[in-house]
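Letter by letter, the chains look like this.
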Amino acid sequence: MSLLSALVPLLRVYCIGLRVILHQLRRRFQPRCAPAPVSPETSAQSRAGAPSLSPVFPTQNGKVAIVTGGTKGIGYQTVRHLARLGMHVIIAGNSESDGQEAVRKIKEETLTGKVEFLYCDLASMKSIRQFVRQFRAKNCPLHVLVNNAGVMLVPERKTEDGFEEHFGLNYLGHFLLTNLLLDTLKQSGTHSHSARIITVSSATHYVGKLHLNDLQSRCSYSPHGAYAQSKLALVLFTYRLQHLLTANGSHVTANVVDPGVVNTELYKHVFWVVKVVKWMTAWLFFKTPEEGASTTIYAAVSPEMEGAGGCYLYNEERTKSADLAYDEELQRRLWTESCKMVGISDEASRLP
């Protein structure tokens, strides 16, 4: 691998990261509008000490959500807030101890028993299928699926199925999980209340390149390039999924969110210099995990998003993703190849 092929993705990722940080900094110091009045329906949520997100969303009693990677960071804050709203939330994660600790903390804070943990290693197709079997055995509906878990800038290594880890865990794991849960989501959605699929990508997708002939980065591995590719794949997947859901007349929507640059544990594989700078400046430049979760929560429960799919959301607003992500032929080809990789039938081949 040449120095240039490693340096270009690195520079692209850090440049887009810097742009996002500067945007966050400007936004942090912009004058804030006065908060909207809180309705009686949701005022109890505020009194109970719910996270200080704006706006305050309606209660979600009776609804069920699955959140991958819900034990820490953005995922934990997502679970915490959805539980506050009355949802029955299932955390899907690969650490039993972290999962049970997250459940304990959220139950203590929310005083609700509607949070539980089920083991799911997204780097293992076998584990994903086992998780889905366990969930189906509960015979409960599924109204919200949050594809949140991920790894970032890990050294070159493979999942147990032989996939490059960024592509295998960040993208293929969620691709398989979503497809295996689609029937339940379709059965749970209604004309007035669609089931929702929310997938967490990032601004790095803007500089990502999808190498259909080398999705596993075998020819030349760059952790920055592999990470950006996995995040671009998630956007392409979301758009194709929404197209198929619409074609089938399903009451399910699929959207992708960009949390921004957030102070989480994902940065453990960055250069030591970056770690030092982050440690010194994150309080000012980075979003907190709670702030990072706000757009995911908005996509999951906001009445404004009812029936809306195929959107790229940033700071709780619809915005434009990378031009490449709108390439319908690329979406179709990635979907077909992904079905082959995870071993499911490509029913989409019979649709336009």
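Conventions we followed
- Residues numbered from 1 in each chain as written.
- Predicted model: local features only at pLDDT ≥ 70, side-chain atom pairs only at ≥ 80, totals over all residues.
- Heavy atoms only, no water.
- Helix = DSSP H or I, 4+ residues; strand = E, 2+ residues; numbered from the N terminus.
- Buried < 20%, exposed > 50% of the residue type's maximum accessible area, 1.4 Å probe, protein only.
- Areas by Shrake-Rupley, 256 points an atom, 1.4 Å probe, with all protein chains shown as cover.
- Axes fitted to C-alpha atoms, helices over the stretch in contact; angles between N-to-C directions.
- Parallel < 35°, antiparallel > 145°, perpendicular 65-115°, else oblique.
- Contact = heavy atoms within 4.5 Å.
- Nonpolar A, V, L, I, M, F, W, Y, C, P; charged D, E, K, R; others polar.
- Core = buried A, V, L, I, M, F, W, Y, C linked by side-chain atoms within 4.5 Å.
- Left-handed = near helix turned anticlockwise from the far one by under 90°.
- Pairing = 2+ DSSP bridges.
- Salt bridge = Lys/Arg side-chain N within 4 Å of Asp/Glu carboxyl O.

A.B. asks: Summarise the overall build of the chain; cite the residues concerned and give the values.
C.D. replies: Within the chain, the regular secondary structure consists of 10 helices and 8 strands. Looking at the chain as a whole, 55% of its 352 residues are labelled buried. When the accessible area of the chain is evaluated, it comes to approximately 16,200 Å², of which 55% is carbon and sulfur surface.

A.B. asks: Can you lay out the packing of helix H7 (residues 223-247) against helix H10 (residues 328-342) for me, pointing to particular residues and giving the numbers?
C.D. replies: Between H7 and H10, the least distance of the axes is 9 Å, while the angle of their chain directions is 95°. Taken together, the axis directions place H7 and H10 in an arrangement best described as roughly perpendicular. Seen from H7, the contacting residues are Ala233, Leu236, Phe237, Tyr239, Arg240, Leu241 and Leu244; seen from H10, they are Leu330, Gln331, Arg332, Leu334 and Trp335. Of the residues belonging to the contact of H7 with H10, the class tally is 9 nonpolar, 1 polar and 2 charged.

A.B. asks: Report on the nonpolar core, specifying residues and quantitative values.
C.D. replies: Residues Ile66, Phe131, Tyr171, Leu181, Leu185 and Leu210 are the most contacted members of the largest nonpolar core, which totals 59 residues. Sorting the residues of this core by element identifies strand S1 (64-68), strand S2 (88-93), helix H5 (125-137), helix H6 (165-188), strand S5 (195-200), H7, strand S6 (252-258) and H10 as the ones contributing at least two each. Counting residues in each nonpolar core, the second largest holds 33 residues, with Ile91, Val103, Val144 and Tyr298 among its members.

A.B. asks: Pulling in residues and values, what's your account of the packing of H6 against H7?
C.D. replies: Where H6 contacts H7, the two axes come as close as 8 Å, and the packing angle between them is 20°. Considering the angle they form, H6 stands roughly parallel to H7. Helix-helix and strand crossings are classified by hand; for H6 and H7 the assignment is right-handed. Together, His166, Phe167, Asn170, Tyr171, His174, Phe175, Thr178, Leu182 and Lys186 of H6 and Pro223, Ala226, Tyr227, Gln229, Ser230, Lys231, Ala233, Leu234, Phe237, Leu241 and Leu245 of H7 make up the contact between the two elements. Its residues assigned to classes, the contact of H6 with H7 comprises 12 nonpolar, 6 polar and 2 charged.

A.B. asks: Kindly report on the sheet that holds strand S4 (residues 144-147), identifying the contributing residues and their values.
C.D. replies: Ordered in space as S3-S2-S1-S4-S5-S6-S7-S8, the 8 strands form an open sheet in which the pairing is mixed. Strands with a single pairing partner mark the edges of an open sheet, and in this sheet they are strand S3 (115-119) and strand S8 (317-319). Recorded for the sheet is a direction-independent mean angle of 25° between the axes of neighbouring strands. Running over the sheet, H7 touches S5, S6 and strand S7 (312-314) and is turned about 160° from S6. In the packing of helix H9 (residues 289-301) onto the sheet, the strands contacted are S4, S5, S6 and S7, and the crossing angle to S5 comes to about 160°.

A.B. asks: How would you sum up the pattern of salt bridges? Please name residues and give values.
C.D. replies: Side-chain pairs of opposite charge can arise whenever the charged atoms involved come near each other. Taken as a whole and judged by the stated rule, the model has 11 salt bridges. Across the pair Asp98 and Lys72 runs a salt bridge whose closest N-O atoms are separated by 3.6 Å. Residue Asp98 is found in helix H4 (residues 96-110), and its partner Lys72 is found in the loop between S1 and helix H3 (73-84); the two are separated by 26 residues along the sequence. When its relative accessible area of 28% is taken as the criterion, Asp98 is described as partly exposed. The closest approach of N and O atoms between Lys138 and Glu116, which form a salt bridge, is 2.8 Å. Residue Lys138 is found in the loop between H5 and S4, and its partner Glu116 is found in strand S3; the two are separated by 22 residues along the sequence.

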